[in-house]
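As a plain string of letters, each chain reads:
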Amino acid sequence: MNGLPLSDTPQAVADPVSTLMALAGDDMPRVEALLNERMASPVALIPELAAWLVKAGGKRIRPLITIASARMLGYEGEGHLALAGAVELIHTATLLHDDVVDESELRRGKASANHIWGNPQSVLVGDFLFAQAFMLMVDSGSLDALHVLSRAAAIIAEGEVRQLALVGDIAVSRQSYMDVIDAKTAALFAAAAQVSPILAGRPKAEEDALYTYGRELGLAFQLVDDALDYGGLAALLGKNTGDDFREGKITLPVTLALEKASDEERAFWTRTLGGKTQDESDLDEAIAILKRHGALDETLAQARAHAANAQSALSIFPRNEWTAALSALAEFVVDRAY
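This is a predicted model, so every value here is computed, not measured. (Residues numbered from 1 in each chain as written. Predicted model: local features only at pLDDT ≥ 70, side-chain atom pairs only at ≥ 80, totals over all residues. Heavy atoms only, no water.)

A short note on the overall build of the protein
Looking only at helices and strands, the protein features 17 helices and 2 strands. Since a compact globule built from 338 residues should have a radius of gyration of about 20 Å, the 20 Å found for the protein is in line with a globular shape. In terms of its C-alpha atoms, the protein occupies a principal-axis envelope of roughly 60 × 50 × 30 Å. Within the protein, the proportion of its 338 residues that are buried is 56%. Accessible surface computed for the protein: about 14,000 Å², of which carbon and sulfur atoms make up 53%. Charge-centre separation for the protein: the mean point of 29 positive side chains lies 2 Å from the mean point of 47 negative side chains. (Helix = DSSP H or I, 4+ residues; strand = E, 2+ residues; numbered from the N terminus. Rg over C-alpha atoms; globule rule 2.2 N^0.38 Å. Buried < 20%, exposed > 50% of the residue type's maximum accessible area, 1.4 Å probe, protein only. Areas by Shrake-Rupley, 256 points an atom, 1.4 Å probe, with all protein chains shown as cover. Lys, Arg positive; Asp, Glu negative; His and termini not counted. Charge placed at Lys NZ, Arg CZ, Asp CG, Glu CD.)

Structure, rendered in structure tokens:
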């Protein structure tokens with residue numbers, strides 16, 4: 001199959017997440033049941049806090065990728081359900097930990113778990129969910145899949161630590177930042193796709209292709225989020241516009257703007273991100289600088305290129321409804337920026 005070409009002009013497309021949900025109508029309810037089962041605990045706070053986040057309305061893109069990849073390959077067993085559940089639990093656990101690190105007050109438009117229950121509680125419940133994820137990996141019966149997801153969990157943690165070390169460092173290069181998001185975001189997307197051909201016993205070439213699909217999709221996804229954080233679409237994202245700015249995070253748009261910054265602009269970034277000395281007008285000024293240097297447009301162009309790479313990776317597979325939906329998902333990830 002040839003990937004659908006991503007044009008420079010955004011097009012209105014049907015939501016492929018809904019398409020994938022419809023195609024996976026027999027599988028995703030069973031994944032949801034697994035999630036509810038693994039959140040159960042006699043310690044009342046655990047299911048209460050975990051359910052607050054898991055049921056907060058996420059699109060379940062990562063487990064959908066696992067399900068869709070398995071079905072695209074003709075897999076007919078049930079191990080993909082456990083792996084999809086494990087993928088979502090890893091993602092949920094990292095969200096809980098991220099919100100503690102970032103001191104976030106919102107998650108998907110609702111008060112974050114740490115804001116309601118506290119940081120220690122969120123960290124410990126995140127640990128519980130990680131443990132449940134590993135139990136599901138074992139239940140899948142695939143040692144190789146367990147290895148892939150375990151490695152992804154370690155890479156994600158490394159990426160988060162690396163990003164924390166770079167907060168406020170305006171000398172961060174674009175490559176250093178890409179390395180961070182490759183680890184903290186793309187690694188789980190890649191693993192979510194890669195485990196399906198492993199489970200199905202498919203050739204290494206297909207495993208590599210789906211790894212590439214997931215990784216490139218994850219990079220595109222994060223770059224779009226980076227641009228949207230400065231794009232005034234907080235209601236759509238369920239987050240505060242400017243969270244990255246307030247937290248002193250040097251994301252790709254800022255890195256690109258710094259490459260072209262005047263002395264005055266560099267002093268602005270040093271004060272607001274390096275020193276975290278900000279006033280109410282600084283976010284608007286940051287957005288103006290980014291737009292002046294085309295940093296948001298360039299970030300989205302890079303996202304579009306990664307999404308196109310994801311589509312190209314699917315070219316070795318026969319065309320079917322699953323392949324088409326996964327290809328459309330890559331385009332949708334970029335189109336949501338518009």
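From this point on, the discussion continues.
Quick notes on helix 16 (residues 295-313)
The end-to-end C-alpha separation of helix 16 is 27 Å, in line with the 27 Å expected for 19 residues at 1.5 Å each. Residues of helix 16 that are buried include every one of A295, L296, T299, L300, Q302, A303, R304, H306, A307, A310, Q311 and A313, and no others. Buried residues in helix 16 make contact with helix 9 (174-200), helix 10 (204-228), helix 13 (252-259), helix 15 (282-292) and helix 17 (321-335). (Expected span 1.5 Å × (residues − 1). Contact = heavy atoms within 4.5 Å.)

Considerations on the nonpolar core
I65, L149, Y213, L217, Y230, W269 and L329 are the most contacted members of the largest nonpolar core, which totals 109 residues. Not counting chain neighbours up to four residues away, the residues in contact with I65 comprise F189, A192, A193, Y213, L217 and L329. (Core = buried A, V, L, I, M, F, W, Y, C linked by side-chain atoms within 4.5 Å.)

With respect to the side chain of E265
Tracing the sequence through the fold places E265 in helix 14 (residues 263-274). Not counting residues within four places of it along the chain, the set of residues in contact with E265 comprises K260, I289, R292 and H293.

What to know about the packing of aromatic side chains
How two aromatic rings sit relative to each other is set out by the distance from centre to centre and by the angle between their planes. All told, the structure shown has 6 aromatic pairs when counted by the stated rule. Look at Y230 and F245: their rings are 6.5 Å apart centre to centre, the planes differ by 75°, and that puts the pair in the edge-to-face class. Of this pair, Y230 sits in the loop between helix 10 and helix 11 (234-237) while F245 sits in helix 12 (residues 243-246), placing them 15 residues apart in sequence. Pair check on accessibility: Y230 and F245 agree, each one buried. Through pairs of rings, three or more aromatic residues link up here, namely Y230, F245, F268 and W269. R62 extends its terminal NZ or CZ atom over the ring of F221, reaching a point 5.5 Å from the ring centre. Lying over the aromatic face of F221, R336 brings its terminal NZ or CZ to 4.3 Å of the ring centre. (Phe/Tyr/Trp six-rings, centres within 6.5 Å; stacked < 30°, edge-to-face > 60°. Lys NZ or Arg CZ within 6 Å of the ring centre and 35° of its normal.)

Side note on the environment of D263
Along the chain, D263 turns up in helix 14. Judged by its relative accessible area of 71%, D263 is exposed. Spatially, the C-alpha atom of D263 lies 54 Å from that of P318, the residues being 55 residues apart in sequence.

So, helix 15
Among the residues of helix 15, those classed as buried are D282, L283, A286, I287, I289 and L290. The buried residues of helix 15 all sit within an arc of 160° when viewed along its axis, so they share a single face. Among the exposed residues of helix 15, those pointing more than 90 degrees away from its buried face are D284, K291 and R292. Residue G294 follows helix 15 closely and has a positive phi angle near 65°. (Arc of directions from axis to C-beta.)

Details of the environment of Q194
Topologically, Q194 is positioned in helix 9. On the basis of relative accessible area, Q194 is assigned to the buried category, the value being 13%. Between the alpha carbons of Q194 and D279 there is a distance of 45 Å; along the sequence they are 85 residues apart. The contacts of Q194, once residues within four sequence positions are left out, are V148, E207 and Y211.

What about unusual backbone geometry?
Even without glycine at this site, R60 takes up a positive phi of about 60°. Positionally, R60 belongs in the loop between helix 3 (45-54) and helix 4 (61-72). By relative accessible area, R60 is classed as buried at 7%. Phi at K276 is positive, roughly 55°, even though this residue is not glycine. Relative to the elements of secondary structure, K276 occurs in the loop between helix 14 and helix 15.

What about the packing of helix 5 (residues 79-102) against helix 7 (residues 119-139)?
Direction vectors running N to C along helix 5 and helix 7 enclose 165°, while the axes themselves pass 8 Å from each other. When the interaxial angle is binned, helix 5 and helix 7 end up roughly antiparallel. Handedness of the crossing formed by helix 5 with helix 7: left-handed. (Axes fitted to C-alpha atoms, helices over the stretch in contact; angles between N-to-C directions. Parallel < 35°, antiparallel > 145°, perpendicular 65-115°, else oblique. Left-handed = near helix turned anticlockwise from the far one by under 90°.)

Take it as geometry only, folks, not as evidence of what the structure does.
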